[in-house]
Amino acid sequence: MGDYFTWNGFIHFIPKIAAQLPMTLLIVGGSLAIGVLLGLLLAFVRVFSIPVAKQIAIVFTSFVRGTPEIVQVFIVYYGLPLLVQSITGVDIDALSALYFVIVAFGINTAGYLAELFRGALESVPRGQYEAGEAAGLTRGAIFRRIVIPQAAKFALPGFGVNVVYLFQSTSMAAAVGVMDMMGKAANLGSATGRLLQSYAAAAVLFIIISIVLQWAFTLLDKRVTFGR
Amino acid sequence: MEFHWDSFLSALIAGLHAIPQSLIMVIGPFFLCTVIGLAIVALRLFQVPVLPQIIQIVLTVQKGIPLYLFIVFGHVLYMLCFNPVASALHLSVRVGDVNIMYFAVFILSWAFIPMFTEMYWGAVLSVPKGQYEAGYAAGLTRWQVIHRLVLPQMVPAVIPNLTNMLIGLLKASALTYLVGVMDVMNSALQPVMQSYNLVEAYVASALIYWGIALIIEWCMAGCLHVLGRYRA
């Protein structure tokens, strides 16, 4: 085991892998942005029972939640360039795998957040909508000022869980060659012949960051639900 | 974009043939995690000193490791340590003699133990304390209270979360392609390796996984309907 793992080498690998944290956070941030927007849209469509769109949203959410993330990443990575080329004629095959990974995880996150947001929107009592209408507010103003602030409080705990899960899921981006923390660990390990060391270093980093993220969301949740 | 239906169909058929392998990687870990998870819950329930706290710390740390990393790290450890350990125990078996499915089931079980433990602990907490007291007052032993009162009431409480766990295991089984397991996704890719119609293969495997997930949801909903009939 001495040839495959040394404590010196393990400590030496940690900053090299940690240097790719911005790339991992970029994937998380980009995927969250797409996921929140698309998830909100899907949630609204289901809560307000918009015909046809509601059925599409139900099927989409079921597909995304019922299929493995790695399969979704590969479908987007190999399929999106073909789809874009057939529609626009533009060849995006040479684009960095990072963009495809962000789209894939964005779509995946949207499926989970759609259910979370739908539950949160349905938790806001009907009386709040009626009170807003009685006060003369427009529908948009009711959502912006009354419904969404209350729904956000219900959604926050589940949102935190989804963010931590997304952070860990982005390690799959290494499967398509993205040089995030996991990709760097695999690369370092293969180049030096010390896979055990590099994976152990990556594991330590993921554990620390996951615990920090969970702790941050627990604190945020306590502040937001204070007095409830 | 031309969708090659012939590649899609050959990938679909190859993927369908691999369903038993994927189901083994769902059912195997389910049984292992249930046994180990319930054992850990029992340690917490009967307030065994020190050990539950140590286990809780280990499981919390383990939950921070992504499944992808857990599988590849575990595989590297397995490949490096199996032969030396087998030699030390004077066993003639070597790592190449062992079917990789055993490793896949083992590593998925280990990865899902924290979630199963939390699920079963939540189900145990859902059984009111009064049930235990009523059992003891009626003269039942601790084991009789557990298996006649607590476990039957736990089952309908656990089924919704168990549905999510089983679907989670199904999705996690797709990652075992990293260690060479011929699951649904890996098998669906084989017929299209020469033509490189990879999108068709991945879509076919996605549809198979989706179908199995829907069947799991439907079966578990049926179980909940039958087993939850006498809930208050």
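This structure is a prediction, so every number in the text was calculated from the model and none was measured.

1. Brief notes about the overall build of chain B
Then comes step 1: Helix and strand counts for chain B stand at nine helices and zero strands.
Then comes step 2: Along the three orthogonal principal directions, the C-alpha set of chain B runs to about 70 × 50 × 30 Å.
Then comes step 3: Sequence-distant contacts in chain B: of pairs separated by 6 or more residues, those separated by 24 or more amount to 78%.
Then comes step 4: As presented, chain B carries roughly 11900 Å² of accessible surface, and 69% of it is formed by carbon and sulfur atoms.
Then comes step 5: Computed over 9 positive and 8 negative side-chain charges, the separation of the two mean positions in chain B equals 24 Å.

2. What to know about the domain arrangement of chain A
All names here are of chain A.
Then comes step 1: Each domain of chain A was delimited in the assignment, giving domain 1 (1-20 + 179-228) and domain 2 (24-177).
Then comes step 2: Relative placement of domain 1 and domain 2: their C-alpha centres are 27 Å apart.
Then comes step 3: Between domain 1 and domain 2, the residue contacts involve 16 residues of the former and 17 residues of the latter.
Then comes step 4: The interface formed by domain 1 and domain 2 holds zero salt bridges in total.

3. Let's talk about the UniProt feature "transmembrane region" (unreviewed entry) in chain A
All names here are of chain A.
Then comes step 1: Mapped onto this structure's residue numbering, the UniProt feature "transmembrane region" (unreviewed entry) falls at residues 20-44, 56-77, 97-117, 154-179 and 199-220.
Then comes step 2: Across residues 20-44, helical content stands at 96% and strand content at 0%; the span's end C-alpha atoms are separated by 36 Å.
Then comes step 3: With 62% helix and 0% strand, the stretch residues 154-179 has end C-alpha atoms that lie 35 Å from each other.

4. Concerning the interface of chain A and chain B
Then comes step 1: With 35 residues of chain A at the contact, the number on the chain B side is 30 residues.
Then comes step 2: Where chain A meets chain B, there are zero salt bridges.
Then comes step 3: Our enumeration of links across chain A and chain B arrives at six residue pairs in polar contact (both at pLDDT 80 or more).
Then comes step 4: Only α3 (53-66), α4 (69-88) and α9 (195-224) of chain A provide two or more residues apiece to the side of chain A that touches chain B.
Then comes step 5: Per-element accounting of the side of chain A that touches chain B gives the leading share, 10 residues, to α4(A).
Then comes step 6: Tallied by class, residues from the side of chain A that touches chain B come to 25 nonpolar, eight polar and two charged.

5. Focus on unusual backbone geometry
Then comes step 1: For A:Val52, which is not glycine, the phi torsion reads 70° and is therefore positive.
Then comes step 2: Tracing the backbone through its elements, the reader meets A:Val52 in the loop between α2 (21-47) and α3.
Then comes step 3: Located in the positive-phi region is B:Gln47, a residue other than glycine, with phi close to 50°.
Then comes step 4: Mapping B:Gln47 onto the fold places it in the loop between α2 (19-45) and α3 (51-63).
Then comes step 5: Owing to a relative accessible area of 68%, B:Gln47 belongs among the exposed residues under this scheme.

6. A few points about the packing of helix α5 (residues 100-125) of chain B against helix α7 (residues 142-173) of chain B
All names here are of chain B.
Then comes step 1: It is the contact of α5 with α7, at a shortest axis distance of 9 Å, that shows an interaxial angle of 165°. On the basis of the axis angle, α5 is roughly antiparallel to α7. Crossing angle aside, the handedness with which α5 passes α7 is right-handed. Contacts between α5 and α7 involve Leu108, Phe112, Met115, Phe116, Met119, Tyr120, Ala123 and Val124 from the first element and Met154, Ala157, Val158, Asn161, Leu162, Met165, Gly168, Leu169, Ala172 and Ser173 from the second.
Then comes step 2: Residues of the contact of α5 with α7, tallied by class, amount to 15 nonpolar, three polar and no charged.

7. Observations concerning the packing of aromatic side chains
Then comes step 1: Enumeration over the complete set of coordinates arrives at 25 aromatic pairs over all chains.
Then comes step 2: Centre to centre, the rings of A:Tyr129 and A:Phe143 are 5.9 Å apart; their planes meet at 75°, and the pair counts as edge-to-face. Taken together, the residues span a long stretch of sequence, with A:Tyr129 in helix α6 (residues 126-134) and A:Phe143 in helix α7 (residues 139-169) at a distance of 14 residues. Each member of the pair, A:Tyr129 as well as A:Phe143, carries the same accessibility label: buried.
Then comes step 3: Put simply, the rings of A:Phe74, A:Tyr77, A:Tyr78, A:Phe100, B:Tyr177 and B:Tyr202 pair up and form one aromatic cluster.

8. Side note on the UniProt feature "domain: ABC transmembrane type-1" (unreviewed entry) in chain A
Then comes step 1: Under the UniProt annotation, the feature "domain: ABC transmembrane type-1" (unreviewed entry) is placed at residues 21-217 of chain A.
Then comes step 2: From the first C-alpha to the last, residues 21-217 of chain A spans 19 Å; its make-up is 83% helix and 0% strand.

9. Examining the pattern of salt bridges
Residue and element names in this part refer to chain A.
Then comes step 1: Per the counting criterion, the structure on display carries four salt bridges over all chains.
Then comes step 2: Salt-bridge contacts for Arg46 lead to Glu115; the nearest nitrogen and oxygen are separated by 2.8 Å. In this pair, Arg46 is assigned in helix α2 and Glu115 in helix α5 (residues 97-123), connecting sequence segments 69 residues apart.
Then comes step 3: Arg46 sits in the buried class, given a relative accessible area of 17%.
Then comes step 4: Two residues, Arg118 and Glu115, come together in a salt bridge whose shortest N-O distance is 3.1 Å. With a gap of three residues between them, Arg118 and Glu115 both fall in helix α5, about one helical turn apart.
Then comes step 5: For Glu115, a relative accessible area of 22% translates into the label partly exposed.
Then comes step 6: Counted as one network, the salt bridges with shared partners bring together Arg46, Glu115, Arg118 and Glu122.

Cut-offs applied
Every chain is numbered independently, its residues counted from 1 as its sequence is written. Numbering of ligands from 1 and lettering of chains from A proceed in the order in which they are written. Whole-chain, interface and lining totals are the exception, using all residues; otherwise, since this is a predicted model, local features are given only for residues with pLDDT of at least 70 and side-chain atom pairs are given and counted only at 80 or more. Water and hydrogen atoms were dropped before computing side-chain values, which therefore reflect all heavy atoms in the structure. Segments assigned H or I by DSSP are reported as helices when at least four residues long, segments assigned E as strands when at least two residues long, and all are numbered from the N terminus. Residue contacts follow a heavy-atom distance rule, with two residues in contact if any of their heavy atoms lie within 4.5 Å. With residues, only the protein chains shown are counted as cover, and all accessible areas are computed by Shrake-Rupley using a 1.4 Å probe. Counting rule applied: Lys, Arg positive; Asp, Glu negative; His and chain ends not counted. Each charge is placed at NZ for Lys, CZ for Arg, CG for Asp and CD for Glu. Residue ranges for the domains trace back to a domain assignment, done automatically or taken from a database. Any carboxyl oxygen of Asp or Glu within 4 Å of a side-chain nitrogen of Lys or Arg constitutes a salt bridge here. UniProt positions are given in the numbering used here, feature names are shortened, and annotations may be inferred rather than shown by experiment. In protein, a polar contact means a hydrogen-donor-capable atom and an acceptor-capable atom, both N or O and within 3.5 Å, with residues adjacent in sequence counting only if both atoms are side-chain atoms; elsewhere, any N or O pair within 3.5 Å suffices. Amino acids are sorted into nonpolar (Ala, Val, Leu, Ile, Met, Phe, Trp, Tyr, Cys and Pro), charged (Asp, Glu, Lys and Arg) and polar (every other residue, Gly among them). Each residue gets one of three labels from its accessible area relative to the maximum for its type: buried under 20%, exposed over 50%, partly exposed in between, using a 1.4 Å probe on protein chains only. Helix axes are fitted to C-alpha atoms over the stretch in contact, other axes to C-alpha atoms as well, and angles between N-to-C directions run from 0 to 180 degrees. Should an angle fall under 35 degrees it is called roughly parallel, over 145 degrees roughly antiparallel, and 65 to 115 degrees roughly perpendicular, with every other angle called oblique. By definition, turning the near helix anticlockwise from the far helix through less than a right angle yields a left-handed crossing, and turning it clockwise yields a right-handed one. Here a Phe, Tyr or Trp ring, Trp counted by its six-membered ring, pairs with any other such ring whose centre lies within 6.5 Å, and the pair is stacked when the planes are under 30 degrees apart, edge-to-face when over 60, and tilted otherwise.

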